[in-house]
Every structure is written in C-alpha cells, then in structure tokens.
Amino acid sequence: KHRKVADVGFSDIDGLHRKITKEGKPYAANRVVARLSKMFSLAIRWRWRSDNPAKGIERNPEAKRTRYATGDELGRLTEALATHPDRQAANIVRMLLLTGARKGEVLGMRWDHLDLSTGVWTKPGATTKQKVDHRVPLSAPARQLLAELRTEAEKAAAKKGREVSEFVF
C-alpha cells in the first residue's frame, strides 16, 4: 500500500504470491507477479531501483484451456450469421468455422488456390505458419459456400464489366 518502491523485497512479493495461491486463485497469483515484475522493470528503467524483486518467483503451474463451442452455441451463431447485415463478414466467419483455418489465411484466400471440383484448398507456404504448402480438404458445406460466392462474384463482375477479383473475400 504505502511502501516505497525501494523498500519492497523478494520475500514480500513471494509472500503475496503464496497468499493469493492459498486463497484458491493460482492463476491470479501468477498474474499479480507478472504485473509486479513489469512494474519493477519500469522502476529499474526509471532508476528508482537497481533490481527486480519479482524475478525468480516460482509461478504456479497452469493448465492450457481448450474450449469448443457447444451445439447450442453453434446454432445461435448460425442464426446470427444468417441475419447479419454484412454478408461478407458473415461468410468469412462461416469459412473460418468450416475450415478451421486462421483468420489471415481465410482473408487471403484466392480463387486460384481453390479446386472446387476436387474440394481442395492449397494454401501456399508463403501464407502458412509452417511456411510449407498445405492442402486442405474442403467439406461439402464449405464447397457449397465457395460455389455460391464464386457465382455472386461472377455476376457482380459481369455487371461492372470487370474480371472477377483474384481474392475470395
């Protein structure tokens, strides 16, 4: 509370970490130590201290959390996408759900990378995290959505007397 930055020691921060952990909040305890560490790093930069008393505190183990949408949640999301006024945004979200691809990969999707007849999307290595070409099989709903998007793109291009954009979105 009212202590000077120079008066805070390792044992103070370690004790706070242990106290919060004993209260049943191990993740919160880790976040407090991380925040204090950042604060003391700034104190060093500003020459208020010469060391960081939050360094070296053993953090609580954290389990990685994975959560998937439930069937009910997916149903509500599908309904919301069907009525969303921005059709392109809704179709981007649909494609993310149908392919499991990263947002940047879907946003950079090009027509020449898609083979709708065989149902394969070949993502070039330049656009993937692994930096290698990646062939993604497309589900029937994904192929149907892409076919509809292609038809719409061709109609819009013909109306304007232009070529179809190389990008899907």
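Here, the structure is the one placed above.
About the cut-offs
Residues numbered from 1 in each chain as written. Predicted model: local features only at pLDDT ≥ 70, side-chain atom pairs only at ≥ 80, totals over all residues. Heavy atoms only, no water. Helix = DSSP H or I, 4+ residues; strand = E, 2+ residues; numbered from the N terminus. Contact = heavy atoms within 4.5 Å. Polar contact = N/O pair within 3.5 Å; in protein donor to acceptor, adjacent residues only side chain to side chain. Core = buried A, V, L, I, M, F, W, Y, C linked by side-chain atoms within 4.5 Å. Buried < 20%, exposed > 50% of the residue type's maximum accessible area, 1.4 Å probe, protein only. Axes fitted to C-alpha atoms, helices over the stretch in contact; angles between N-to-C directions. Parallel < 35°, antiparallel > 145°, perpendicular 65-115°, else oblique. Left-handed = near helix turned anticlockwise from the far one by under 90°. Nonpolar A, V, L, I, M, F, W, Y, C, P; charged D, E, K, R; others polar. Pairing = 2+ DSSP bridges. Phe/Tyr/Trp six-rings, centres within 6.5 Å; stacked < 30°, edge-to-face > 60°. Lys NZ or Arg CZ within 6 Å of the ring centre and 35° of its normal.

1. Overview of the environment of T99
So, step 1. Structurally, T99 is set in helix α4 (residues 87–99).
So, step 2. Spatially, the C-alpha atom of T99 lies 13 Å from that of L114, the residues being 15 residues apart in sequence.
So, step 3. If near-sequence neighbours (up to four positions away) are discounted, T99 is found in contact with V106, W121 and L138.
So, step 4. Within the structure, the side chain of T99 is placed 2.7 Å from the backbone oxygen of M95, a separation counted as a polar contact.

2. Focus on the nonpolar core
So, step 1. By size, the foremost hydrophobic cluster in this structure holds 16 residues, and its most contacted members are M95, M109, L114, W121, L146, V168 and F169.
So, step 2. Sorting the residues of this core by element identifies α4 and α6 (140–160) as the ones contributing at least two each.
So, step 3. Sorting elements by how many residues they give to this core places α6 first, with four residues.
So, step 4. Setting aside anything within four residues of it in sequence, one finds L114 in contact with M109, V120, W121, L138, L146 and V168.

3. A closer look at the packing of α4 against α6
So, step 1. The geometry of α4 relative to α6 is characterised by a closest axis approach of 10 Å and an angle of 150 degrees between their N-to-C directions. When the axes of α4 and α6 are compared, the pair comes out roughly antiparallel. Where α4 crosses over α6, the handedness of that crossing is left-handed. Contact residues: N91, R94, M95 and L98 in α4; P141, A142, L145, L146 and L149 in α6.
So, step 2. Residues that form the contact of α4 with α6 fall into these classes: seven nonpolar, one polar and one charged.

4. Some thoughts on the pairing of strand β2 (residues 120–123)
So, step 1. Where strand β1 (residues 114–115) lies against β2, two bridges are found, and the strand directions are antiparallel. Across the sheet, residue L114 finds its bridge partner in β2, namely W121.
So, step 2. For β2 and strand β3 (residues 134–137), the ladder comprises four bridges, and the chain directions are antiparallel. Bridge pairing links T122 to R135 in β3.

5. Looking at the packing of aromatic side chains
To describe a pair of aromatic rings, one takes the distance between the centres and the angle between the planes.
So, step 1. On inspection of all chains with the given rule, the structure shows one aromatic pair.
So, step 2. Just above the ring of W121 sits the side chain of K123; from NZ or CZ to the centre is 5.1 Å.

6. Remarks on the environment of P137
So, step 1. Here P137 shows up in strand β3.
So, step 2. As a C-alpha pair, P137 and F10 span 127 residues in sequence and 54 Å in three-dimensional space.

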